[in-house]
There are 2 protein chains.
Amino acid sequence: MESPELWRELGQQLRVDSVRAAAVTSSGHPTSSMSGADLMAVLLANHLHYDFANPEDPRNDHLVFSKGHASPLLYAMYKAAGAITDEELFTFRKFGSRLEGHPTPVIPWVDVATGSLGQGLPYGVGIALAGKRLDRLPYRTWVLCGDSEIAEGSVWEAFEHAAYEKLDNLTAIIDVNRLGQRGETMHGWDLGSYTKRAEAFGWHAIEIDGHDVEAIDRAFTEAADTTGVPTVIVAKTIKGKGVQAVENKDGFHGKALPEAEQAIEELGGIRNIAVEVAKPEISGEPHVFETSGSLELPSYELGAEVATRKAYGEALKAIGDARGDVIALDGEVSNSTYAEIFRDAHPDRYFEMFIAEQQMVAAAVGIQVRKWKPFASTFAAFFTRAYDFIRMAAISRANIKLCGSHAGVSIGEDGPSQMGLEDLAALRAVHGSTVLYPSDANQTAKLVEAMVDLDGIVFLRTTRGETPVIYEAGESFPVGGARVVRSSDEDEVALIGAGITLHEALKAADSLAGEGVSARVIDLYSVKPVDVKTLRATAEATGGRLVVAEDHWPEGGLGEAVLSAFAAADESVKVVHLAVREMPGSGKPAELLAAAGIDAEHIATAARQLVASTVGAAN
Amino acid sequence: MESPELWRELGQQLRVDSVRAAAVTSSGHPTSSMSGADLMAVLLANHLHYDFANPEDPRNDHLVFSKGHASPLLYAMYKAAGAITDEELFTFRKFGSRLEGHPTPVIPWVDVATGSLGQGLPYGVGIALAGKRLDRLPYRTWVLCGDSEIAEGSVWEAFEHAAYEKLDNLTAIIDVNRLGQRGETMHGWDLGSYTKRAEAFGWHAIEIDGHDVEAIDRAFTEAADTTGVPTVIVAKTIKGKGVQAVENKDGFHGKALPEAEQAIEELGGIRNIAVEVAKPEISGEPHVFETSGSLELPSYELGAEVATRKAYGEALKAIGDARGDVIALDGEVSNSTYAEIFRDAHPDRYFEMFIAEQQMVAAAVGIQVRKWKPFASTFAAFFTRAYDFIRMAAISRANIKLCGSHAGVSIGEDGPSQMGLEDLAALRAVHGSTVLYPSDANQTAKLVEAMVDLDGIVFLRTTRGETPVIYEAGESFPVGGARVVRSSDEDEVALIGAGITLHEALKAADSLAGEGVSARVIDLYSVKPVDVKTLRATAEATGGRLVVAEDHWPEGGLGEAVLSAFAAADESVKVVHLAVREMPGSGKPAELLAAAGIDAEHIATAARQLVASTVGAAN
């Protein structure tokens, strides 16, 4: 077969296989697959360079299905490439199958999970950044987008960053089939509305008929040949193309075709074209950054006043000195998070993401696709902006490290918009996440070191203000542990805190000691996983009297993490939970801690009352 | 004084007062205020129509400081308008002052809290939508934006929607002072980079020198005279303008001026110009939507199979029949959330927000500024996209209602990207929020009715699949309550669920009854506030044996809400917590509930084991 004829036939095969896959469980998105089938046929047959037998080959291109609901099309491509069988295709959406409703990296050829729209292009930017600035290999990243999802602001963050970083190794393909889930998109088939926006953002834009395989082929060639700027191919397509019953009709989104057999016949029947997908033609190995050698973490003297955010920056820089795979990104606040210390030492491995937290997290996810170790930082409050990306990163089985600074009311005058007060709840509720909240600079350094090789989503919460160094440099702080900071055999109550409240708890213990009340103090620096063993031992030693203080709303943070450790325990505990319960305003840190009822005085009062009300009573 | 001279003097006064305010606590953002001072001087003196004595006047213009950190400038405007005194200005950022670091509606002239960048313009779109389509009054909405924040994708969602809705009553002013927090922005003083993007998105754009008061005046007039499209004024300004020590210099973001006295002198000293701000010149009352009269909630027959998402749509439509102030918005999934039922009945009060969840929530916040009652819906999973807006909405003291459908693994084949599994944790951790999770259609209808007049952020979680109606129509379900669905004096264990797991708990209770184990079943439909009294009574009645099952990650949801009710209780409880602990894939709902260990069989097994291991032991 001549190429154009092959491409057309392959397009029909991809449609047929999409229809067949969706018929299995009568669910899925065949019509959204059929619109993009010709685009993907030409890509697979003539432009993609990918070794399906070796998905880890660093020279492979990357293909991201931002319109993840078109998974039948993606899986049909795998079949055409010989990567999966017809038999496996028929497991689509069945329990236990890796061919899920939306693609995830359970499949070895999928880099990132998609299905929350508007995310694929930001991930593509991350992968392309890795290619250009880290790996320094000219592999290409291709992203298939839907037209509905262009309404997501995150897509425009991606357009902005890709142009800024001159990512000519990135091609976006917008499958403009006009119809969203519940009707027409804002722009319908007005291709110009997309191209003029993309051009204004600095991209090269090409309009084509997305069913003209020769035009598609030329556009891909033009994209690959365009230097200095990324290219977007805006393709006019027809949803459900090839089957009259559904073609360009509303009401068939996310539905198997009503008459699959008839549709397959209309599409010319089942084909079994095997495509010899081109292997990478580029050569070379991923770039390796030179490093100075062994790790020398910063160390801080006992009693010195050091902000944990500063220790984060200094530790990250030191780790970057020792390891060339450590990367940093920041959202235009590097002088607050102290990511700037890393930036100044390792500018080649630093990415300024400006005020675009969604793109920042997405870039981290894209960068880790290529095994780099990204640390992304902003104010803890502003990770809420990227929460959907963090949620999806867990589904991507991504290994990313996030540092949220300026936690809680203790930041002071800036007021509630800048106070991370829900970050612990949000980050704990991410599958497989680790949540760390150090109380001192030496501990911060050790935890940052531990983060590098931890899998999953790892979140570190740092404090704005300076707090005293309470641990010797070099002490060990295992993830999942808690530190008994102060204890005696006479302890009647335990004070549990982390970060700023640990220091308040220590002051409270001092004042309680003056009154003859012996208090154990626990540093709960590992909020998730939480140290159930130490907590239970603490309860046993203190008559089950626990005061937990946290600079966070009452829900989902330290307090509930502690409670969860006792859910099914034999120990009976009384937990007095001090947390931020009223909307704070501006003020000095000490004023705001007092107003929230989480300072030393309130902790001491709570402990005193708890002891008075329960000592002597049956435990 | 002639106008231009007055404007120039007023600009200097705003600068001086910004410097003076920031000097109070040596914190704040005077340099970011100084760049926008001339823009705001001309606006205040010659274009804004606002009755400071009557901020509730529906004819007032609206001014949103999207660059909320320029609060000294805003407060200096209040002083110039005679709304606050110099004395109050000097409380800036002090504990207890309403003049917080970033503006909030604690101040009567502030509509929405800002300080998380990139949010003011989306709120402005909401207010302008209210003006155009609901109030139907020609008040204007003016939004002062920083240049750094244009990097946020949410800003482009706003550009897109404002043009789509032809919001010629909206003016954005971008204060292009070139310098962000840590250095130059992506585009520096390249004004064209902003205007060409805005024009591509369908706006009218005007470039000006932001310190030329006559040019500013002409631009505001041109904006007001432009019909059919919104206008953006892109103003080249100088950060720290007027004080050489800081003018156009990096390193002075968010810092009081080093030599305040000298700076004030350089700016020409303290002034006390009083501006007579024009009162609204437009007439008319806000539009009132005709309604058919009294509320007739939908009712469902016991035993019928009805999805709670369907009941949401039907109830909302019915409430909309009865009340003209109820509004609905949806993020392009109205045929899934069933907001389409409201849309079809009340198209004038329905807003299609396409796939732009940030703009959707922001529009709801903007719409409630004018006292309308907005209900915004999408999949529960996709509210994570707007989490920063929801967090900020709480600081805005906004009254908005959110409905998240397709909660949990029970959605089935679509896979984890579409499953809300962190929504309860995220929404519980919003200050003052209410979190509801109905189990049946009649209950849903009653809760939707209750939502209308509830203050704060109210979240309703609905289920995709059909579940049996278990409550009679018209029964009462108070917010903050829990329903004992089944009980007897012999109960040895309680099964606690909500939504889909309540039905699994009922099935489990049936099978336990067959084995002679009597189980109480609790419907925890009000997740926040949680019904502490009923939970404690339940524990007392069942020997403290509780099994909680939830279709959510283990953190921050039903389980921890239950634990929080017992934190400091005298009752000793054992809580077996069944939740989704592994990443789900695709499959049938029943398969996924079983795999997650939250179906009837797992609940029964947990209850059986809990009873076996504890009955006979001391309670």
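Residues numbered from 1 in each chain as written. Chains lettered and ligands numbered in written order. Predicted model: local features only at pLDDT ≥ 70, side-chain atom pairs only at ≥ 80, totals over all residues. Heavy atoms only, no water.

Outline the nonpolar core, supporting the account with residue identities and numerical values.
Counting residues in hydrophobic clusters, the biggest one holds 300 residues, and the most contacted among them are Trp 203 and Leu 495 of chain A together with Trp 203 and Leu 495 of chain B. Aside from chain neighbours lying at most four places away, what touches Leu 495 of chain A is Ala 505, Ala 508, Ala 509, Leu 512, Ala 519, Arg 520, Val 521, Ile 522, Val 547, Ile 603 and Ala 607 of chain A. (Core = buried A, V, L, I, M, F, W, Y, C linked by side-chain atoms within 4.5 Å. Buried < 20%, exposed > 50% of the residue type's maximum accessible area, 1.4 Å probe, protein only. Contact = heavy atoms within 4.5 Å.)

Could you give an account of the relation of the copies chain B and chain A, naming the residues involved and the relevant values?
Put simply, the two copies of the chain differ by a rotation about an axis and a shift along that axis. Expressed as a screw operation, the relation of chain B to chain A combines 0.0 Å of axial shift with a rotation of 180°, fitting to an RMSD of 0.0 Å. Here the transformation between the copies is reduced to the relation of a two-fold axis. Identified as the residue of chain B closest to the rotation axis by C-alpha distance is Gly 153 of chain B, at 1.8 Å. A high fraction, 100%, of the interface residues of chain B reappear at the interface in chain A, so the copies pair face to face through one surface. (Least-squares fit on C-alpha atoms with pLDDT ≥ 70 in both.)

Outline the packing of aromatic side chains, supporting the account with residue identities and numerical values.
Tallied over the entire structure, the rule returns 38 aromatic pairs over all chains. Above the face of the Phe 201 of chain B ring, Arg 197 of chain A is positioned so that its terminal group lies 4.6 Å from the ring centre. Directly above the aromatic system of Tyr 437 of chain A lies the positively charged group of Arg 461 of chain A, at a separation of 4.7 Å from the ring centroid. (Phe/Tyr/Trp six-rings, centres within 6.5 Å; stacked < 30°, edge-to-face > 60°. Lys NZ or Arg CZ within 6 Å of the ring centre and 35° of its normal.)

An account of the pattern of salt bridges is needed here, citing residue identities and associated values.
A complete count under the given rule lists 80 salt bridges over all chains for this structure. Here Lys 446 of chain B makes a salt bridge to Glu 449 of chain B, at a shortest N to O gap of 3.6 Å. On the criterion of helical spacing, the pair formed by Lys 446 of chain B and Glu 449 of chain B is a turn pair, its members being three residues apart in helix H16 (residues 441–452). Note on Lys 446 of chain B: relative accessible area 25%, which makes it partly exposed. Where salt bridges share partners, they join Asp 17, Arg 20, Lys 79 and Asp 86 of chain A into one cluster. (Salt bridge = Lys/Arg side-chain N within 4 Å of Asp/Glu carboxyl O. Helix = DSSP H or I, 4+ residues; strand = E, 2+ residues; numbered from the N terminus.)

Tell me about the interface of chain B and chain A, residues and numbers included.
Contacts between chain B and chain A engage 100 residues on the former and 100 residues on the latter. Between chain B and chain A, roughly 8,300 Å² of surface is buried when both sides are summed, and carbon and sulfur atoms account for 54% of that area. Three residues stand out in chain B for area buried against chain A, namely Arg 182, Met 186 and Arg 385 of chain B, and they jointly supply 10% of the buried area on that side. Of the charged contacts, one joins Glu 152 of chain B and Arg 385 of chain A as a salt bridge, the two residues approaching to 3.8 Å between their closest N and O atoms. (Buried area = accessible area lost by both parts, 1.4 Å probe.)

Describe in detail the sheet that holds strand S5 (residues 231–236) of chain A, supporting the description with residues and values.
Residues and elements named next belong to chain A. One open sheet holds the five strands; their spatial order is S1-S2-S3-S5-S4, and the pairing between them is parallel. Every other strand in the sheet has two partners, leaving strand S1 (62–65) and strand S4 (204–209) as the edge strands with one partner each. In this sheet, neighbouring strand axes are inclined to one another by 20° on average, regardless of whether the strands run parallel or antiparallel. Sheet topology note: the strand S3 (residues 170–176)/S5 ladder contains six bridges and is parallel. (Pairing = 2+ DSSP bridges. Axes fitted to C-alpha atoms, helices over the stretch in contact; angles between N-to-C directions.)

Go over the sheet that holds strand S1 (residues 62–65) of chain B, please, and point to the residues and values.
Residues and elements named next belong to chain B. The strand order across the open sheet built from five strands is S1-S2-S3-S5-S4, with neighbouring strands paired in parallel fashion. A strand with exactly one partner marks an edge of an open sheet, and here the two such strands are S1 and strand S4 (204–209). Taking the axes of each pair of neighbouring strands and ignoring which way they run, one obtains an average angle of 20° across the sheet. Summarising the sheet, strand S2 (residues 141–146) and strand S3 (residues 170–176) pair through six bridges and their orientation is parallel. When the bridges of S3 are listed, Cys 145 appears paired with Ile 174. The sheet strands contacting helix H3 (residues 71–80) are S1 and S2, and the helix crosses S1 at an angle near 150°.

Got a sec to walk through the environment of Ala 498 of chain B? Specific residues and values, please.
Residues and elements named next belong to chain B. Within the element layout of this structure, Ala 498 appears in the loop between strand S15 (493–497) and helix H17 (500–514). Spatially, the C-alpha atoms of Ala 498 and Ser 292 are 34 Å apart, while their sequence positions differ by 206 residues. Setting aside anything within four residues of it in sequence, one finds Ala 498 in contact with Tyr 437, Ser 439, Asp 523, Leu 524, Tyr 525, Ala 549 and Leu 558.

Before we move on, could you go through the packing of helix H17 (residues 500–514) of chain A against helix H21 (residues 600–614) of chain A and cite the residues and values that matter?
Residues and elements named next belong to chain A. Interaxial distance between H17 and H21 falls to 8 Å at its minimum, and their mutual angle equals 55°. One way to sum up the angle between H17 and H21 is to call them oblique. As for how H17 packs across H21, the hand of that crossing is right-handed. Contacts between H17 and H21 pair Thr 501, Glu 504, Ala 505, Lys 507, Ala 508, Ser 511 and Leu 512 from the former with Ala 600, Ile 603, Ala 604, Ala 607 and Arg 608 from the latter. Here the contact of H17 with H21 is built from residues that sort into seven nonpolar, two polar and three charged. (Parallel < 35°, antiparallel > 145°, perpendicular 65-115°, else oblique. Left-handed = near helix turned anticlockwise from the far one by under 90°. Nonpolar A, V, L, I, M, F, W, Y, C, P; charged D, E, K, R; others polar.)

If you had to explain the packing of helix H10 (residues 308–322) of chain B against H16 of chain B to someone new, which residues and values would you point to?
Angle between the axes and distance between the axes: these two values describe a pair of packed helices. All names here are of chain B. At their nearest, the axes of H10 and H16 sit 8 Å apart, and the two run at 45° to each other. On the basis of the axis angle, H10 is oblique to H16. For H10 against H16, the interelement crossing comes out right-handed. Residue-level inspection shows Thr 308, Ala 311, Tyr 312, Ala 315, Leu 316 and Ile 319 of H10 in contact with H16, the latter providing Ala 441, Thr 444, Ala 445, Val 448, Glu 449 and Val 452. Each residue belonging to the contact of H10 with H16 can be placed in one class, and the counts come to nine nonpolar, two polar and one charged.

Go over unusual backbone geometry with me, naming the residues and quoting the values.
All names here are of chain A. Along the chain, Lys 528 connects to Pro 529 via a cis peptide bond; the corresponding omega equals -5°. Phi at Tyr 338 is positive, roughly 70°, even though this residue is not glycine. For Tyr 338, the position within the fold is in the loop between helix H11 (334–337) and helix H12 (339–345). Residue classification places Tyr 338 among the buried positions, given a relative accessible area of 18%. Despite not being glycine, Phe 354 shows a phi value in the positive range, around 55°. Along the polypeptide, Phe 354 turns up in the loop between strand S8 (350–352) and helix H13 (357–369).

Describe the side chain of Asp 147 of chain B, with residues and values.
Residues and elements named next belong to chain B. Inspection of the secondary structure assignment puts Asp 147 in the loop between S2 and helix H6 (153–164). Although buried, Asp 147 forms no salt bridge, and the nearest oppositely charged side chain, Lys 67, lies 6.4 Å from it. A distance of 2.7 Å separates a polar side-chain atom of Asp 147 from the backbone nitrogen of Arg 178. Excluding its chain neighbours within four sequence positions, the residues that come into contact with Asp 147 are Ile 174, Asp 175, Val 176, Asn 177, Arg 178, Leu 179, Thr 185, Gly 188 and Tyr 194. (Lys, Arg positive; Asp, Glu negative; His and termini not counted. Polar contact = N/O pair within 3.5 Å; in protein donor to acceptor, adjacent residues only side chain to side chain.)

Help me get a handle on helix H8 (residues 213–225) of chain B, residues and values and all.
Residues and elements named next belong to chain B. The first and last C-alpha atoms of H8 sit 18 Å apart over 13 residues, in line with the 18 Å expected at 1.5 Å per residue. Residues Val 213, Ala 215, Ile 216, Asp 217, Ala 219, Phe 220 and Ala 223 constitute the buried set of H8. For H8, the secondary structure elements touched by its buried residues are helix H1 (3–24), helix H2 (30–46), S2, S3, S4 and strand S5 (231–236). For H8, the N-terminal capping position is held by Asp 212, with its side-chain oxygen 3.1 Å away from the main-chain nitrogen of Glu 214. (Expected span 1.5 Å × (residues − 1).)

Explain H2 of chain B to me, and be specific about the residues and the numbers.
All names here are of chain B. A rise of 1.5 Å per residue sets the reference length of H2, with its 17 residues, at 24 Å; its end C-alpha atoms lie 23 Å apart and thus fit the reference within 8%. Remark: the principal bend of H2, roughly 50°, maps to Gly 36. In terms of residue burial, H2 counts as a mostly covered element, since 15 of its 17 residues are buried. (Bend = angle between axes of the 7 residues up to and from the residue.)

Which residues make up the side chain of His 187 of chain B, and what are the values?
Structurally, the position occupied by His 187 of chain B is in the loop between S3 and helix H7 (191–200). By relative accessible area, His 187 of chain B is classed as buried at 17%. For His 187 of chain B, the side chain forms a polar contact with the side chain of Glu 160 of chain A, separated by 2.9 Å. Residue contacts for His 187 of chain B: discarding those within four places in its chain leaves Glu 160 of chain A together with Ser 193, Tyr 194 and Arg 197 of chain B.

Can you tell me about the environment of Ser 488 of chain A, naming the residues and giving the values?
Residue and element names in this part refer to chain A. Within the secondary structure layout, Ser 488 lies in the loop between strand S14 (483–486) and strand S15 (493–497). A sequence separation of 32 residues divides Ser 488 from Arg 520, and the C-alpha atoms of the two residues are 7.1 Å apart. The residues contacting Ser 488, other than those within four sequence positions of it, are Ser 518 and Arg 520. A polar side-chain atom of Ser 488 sits 3.0 Å from the main-chain amide nitrogen of Glu 490. At 3.1 Å, the side chain of Ser 488 and the side chain of Ser 518 are in polar contact.

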